[in-house]
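Inside the fold
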Amino acid sequence: MNERVQGHGPVDFIAEEQKPAAIITPADTRGDLFITADVVVVGSGAGGATVAATLAEAGLRVVVLEEGDWFPTREYSASVPSMLSKLMRAGGATAMMGRSPVPYLEGKCVGGTTVVNGGMCWRTPERVLHEWVSERGLPELSPRGLERHFEEVETTIHARYQDEGSQGGVNDAFKRGADALGWKLSRNKRNQKHCVGSNDCVTGCPSGAKQSTQYSWLPRFFNAGGLLYTRCRVKQIVTERGRATGVRGVLADPWQPRRFTVNARAVVLACGAIQTPLLLQRNKIGRECGHVGRHFTIHPNIKMSARFSSPVENLQGTHQAWQCIEFRDEGILLAPGAIPLAFMSAIFPEFGPRLAERMRDARYIATGGILVDDHSEGRIRALPFGVPWIQYDVTDADQAKFVRAAALMAELYFAAGAEEVYTPFHHLPVIATPDDIKRLYQRPPRVEDTEYFTAHLMGTCRMHGHARGGVVGPDGQAWDLPGLYLADASVLPGTIGVNPQVTIMAIARLVAEKLADRLRRV
Amino acid sequence: MGPEFVLRGYPRRIARAVVDAMVPRWPEFDVDLTDDVLADVERTLRGYPPIIQVAILGSLFGLEFLSPLFGPGLKPLSRSERHIAIARLETIANHPIPQIRMLVMLLKVTISFAAYSRPDVEAFLGYRRREWRETRQALRARLLAADPAKLPAVPAPLADGRVVTPAEFLSFLAALADGHAEQAAG
Ligand SMILES: Cc1cc2nc3c(=O)[nH]c(=O)nc-3n(C[C@H](O)[C@H](O)[C@H](O)COP(=O)(O)OP(=O)(O)OC[C@H]3O[C@@H](n4cnc5c(N)ncnc54)[C@H](O)[C@@H]3O)c2cc1C
């Protein structure tokens, strides 16, 4: 069974004080590792932690391998560069190529991207689920089929509305504008317990309010006897007689190069929408189906902001307390988004003295974002020497939505009393008056003139009811390799138009339950 | 390359010129951030994968020798005066071809993150981020320790009732955590 530590005391949450015995770092072991388990789960983010907890609670011996490190909450510092280096893949210096490069972030730590996300919790819209049932042949993903999984997820991660008043001035300004225009708002549920508005979601919640998987699924996993190994990078999926039977990889021990091998009855990959297809491609798995790394959707967003005559105190408050859903049917979501000063400095196109002048007004600037449902599909490819190539082109149709959405957002900010609105469009970075909004339509910004960002990566190993339509079937098992399961953002059958963590976790639950049933029967 | 990455010699000189052009300066703020930010940037670069480190080195040399094409002046970037370097970098940062903008963008983000995370810069701009975080943490700890029954009710979705101001909320929570829940609720 597991190489070392077998028993450990109950775990309430794992990020606060001492490292629980169930988290095994390279310093806790010597030499190469050989581990045997019922199931090995790769990745401890939204998908991996959910699968691991569900399987362990079903009585299976489960090991999680995580490439990143474990950091207790007290180590989440206020230094943005240092936290990006600790918590993010490639220190956050990641972008996909296309008509305009799109930067993105992937968490690489115990808890994965749930540690650095904004905490918004949305169920998959029913219209999307119906589409998956009818067009992808996935009756299990009907609203009824997923209902109990959604409930379990929301309870576990504590998806709740913010405490009144904790939202802060950026959210208030946004609401003022939407109210003035009579546009519909929807309060966000967030996975938090008494979030007090530290406004540091992206560099790790310093108060422990955000219920990332470190505070939710992983304690459940540990309490059911599971073990998690940190700094283990899986490189190879081991197969025997046409079945996945384990994984191998390298353990990032600062003192000496080490290796590990895990033998298991089933392998679950939950490395995220970029790393999972890369791992499959490097192992030449799923080539026949032709879908690995394709159908990549990113729910792209642009940042908008506005200067007000009195301080909005961007520092204080929550990331996003509500969203404007008035234009949902058009695939447009407008949202406030309070961010730390360093991130604010990055969203303006200026630098040096001009940026310094703009930042003088930082306390008066409210930041926000626009997300659109995308119709483009990108592609992920593993090039030689382990180099990933990620291609995504924003289409002209989606750009037209962005332009309309930017005009709406500017209208909202002016209605809230803004003095000036800032856009991510190079040829029109400032909209000085409400009358200027029409300039956006007179000379619409091209994709190439626009700065984008994305946090919602999906669909690169999609689930499909038919072997020729996707990489995995309705049970999450790879069509091309029995014994290999996927349970992360990569399996989403299409774009969902809302923040994805709840959808990922619900599908991961579904996959885990089916896998547990199967393993118990054999 | 890798975690031992250091900027030496010529690349360091170019990097210093770029940092010098990009760091914030205000007449009332009496600190030259260039060397500190350069050291921070170097530390950040060490966390980047080798391929990005190579790309950064490539962009530095690109900026050094190609930036004169974007005017003004003819000298390489590291030998140009600051205002000339700034003018060129701004032209590149706003170039209509995104791939050309990229020469500057990653450096800009890395430098801005380093500069605007500094406590002295934050304080100059009216932010006391570290203190704010500490008071939040302390408040939340007291809040959790308070009797859960007395915690504020989770509000219903929007449109039913007003949203209290942050100030009202904070004084409410503080009083609550101090055990004066009724007084706070009143
Ligand atoms: C800034 C930001 C804000 C966001 N805000 C929200 C939000 O408000 N609401 C929402 O619903 N979603 C949000 N998201 C998105 C959401 O967090 C992700 O979609 C979700 O966490 C993805 O889950 P996952 O399981 O696919 O991958 P991840 O959570 O990224 O987990 C993957 C894990 O696998 C590990 N791993 C990868 N490769 C290997 C390997 N080879 N060996 C071992 N381990 C490996 C990684 O280190 C990582 O820990 C946000 C994302 C970002 C970046």
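Structure: above.
Overview of the structure. Owing to the predicted nature of the structure, the values given are computational and were not obtained by experimental measurement. The residue count restarts for each chain, going from 1 along the sequence in the order it is written. Each chain gets a letter, beginning with A, and each ligand a number, beginning with 1, in the order they are written. Predicted model: local features are reported for residues with pLDDT of at least 70 only, side-chain atom pairs are reported and counted for 80 or more only, and whole-chain, interface and lining totals are derived from all residues. Hydrogens and water molecules were not included; the side-chain quantities draw on all heavy atoms of the structure.

Before going further, it helps to examine a nonpolar patch on the surface. Residues and elements named next belong to chain B. Each patch is assembled from residues with relative accessible area greater than 30% and no salt bridge, linking like charges that lie within 9 Å and nonpolar side chains (Val, Leu, Ile, Met, Phe, Trp, Tyr) that lie within 5 Å. Each accessible area is a Shrake-Rupley estimate made with a 1.4 Å probe; only the visible protein chains count as cover when residues are assessed. Only one rule defines a salt bridge in this text: a Lys or Arg side-chain nitrogen within 4 Å of an Asp or Glu carboxyl oxygen. Together, Phe-61, Phe-65, Leu-66 and Leu-69 make up an exposed nonpolar region whose accessible area comes to about 410 Å². Here Phe-61 lies in helix 3 (residues 50–66). Partly exposed residues are those whose accessible area sits between 20% and 50% of the maximum for their type, while under 20% is buried and over 50% is exposed, using a 1.4 Å probe and protein chains only. The class of Phe-61 is partly exposed, set by a relative accessible area of 31%. The numbering of helices and of strands both runs from the N terminus, where a helix is a DSSP run of H or I of at least 4 residues and a strand a run of E of at least 2.

All names here are of chain A. Any two strands are treated as partners once DSSP identifies two or more bridges connecting them. Direction of pairing for strand 11 (residues 232–240) relative to strand 12 (residues 243–251): antiparallel, over a ladder of eight bridges. Residue Glu-240 lies in a different strand from strand 12, and its bridge partner there is Arg-243. If you look at the hairpin formed by strand 11 and strand 12, you'll find two residues sitting between the two strands, and Arg-241 has a positive phi there, around 45 degrees.

Moving on, we get to the interface of chain B and chain A. Across the boundary between the two partners, chain B contributes 63 residues, which contact 74 residues of chain A. Summed over both partners, the accessible area (1.4 Å probe) lost when two parts come together is defined as the buried area. Taken together, the two surfaces of chain B and chain A that pack against each other cover about 5700 Å², and 63% of this comes from carbon and sulfur. Between the two partners, chain B and chain A, sit five salt bridges. One salt bridge in this structure joins B:Arg133 and A:Asp200, with 2.5 Å as the shortest N-O distance. In protein, a polar contact means a hydrogen-donor-capable atom and an acceptor-capable atom, both N or O and within 3.5 Å, with residues adjacent in sequence counting only if both atoms are side-chain atoms; elsewhere, any N or O pair within 3.5 Å suffices. Remark: the boundary between chain B and chain A carries 26 residue pairs in polar contact (both at pLDDT 80 or more). If you list the elements that add at least two residues to the side of chain B that touches chain A, you get helix 1 (9–22), helix 3, helix 4 (82–93), helix 5 (98–116), helix 6 (119–124), helix 7 (129–145) and helix 8 (166–177) of chain B. With 13 residues, helix 5 of chain B is the single largest residue contributor to the side of chain B that touches chain A. Charged means Asp, Glu, Lys or Arg here, nonpolar means Ala, Val, Leu, Ile, Met, Phe, Trp, Tyr, Cys or Pro, and polar covers whatever is left, Gly included. Considering only residue class, the side of chain B that touches chain A consists of 41 nonpolar, nine polar and 13 charged. Only heavy atoms matter for contacts: two residues are in contact if any of them lie within 4.5 Å across the pair.

Here the focus is empty space enclosed by the protein. Residues and elements named next belong to chain A. The rule is simple: put a 1 Å grid over the protein atoms alone, call a set of points where a 1.4 Å probe fits but cannot get out a cavity, call an open set with protein on both sides within 12 Å along at least five of seven lines a pocket, and count a residue as lining if it has an atom within 4 Å of a point. Grid points are joined across faces, edges and corners, and a volume is the space filled by probe spheres set on the points. The tally for this structure, following the rule as stated, stands at six cavities of 30 Å³ or more. A volume near 100 Å³ is recorded for the largest cavity. Together, 16 residues line the largest cavity, and Cys-195, Ser-198, Asn-199, Cys-201 and Cys-205 are the ones closest to its centre. For the lining of the largest cavity, the per-class residue count stands at six nonpolar, seven polar and three charged.

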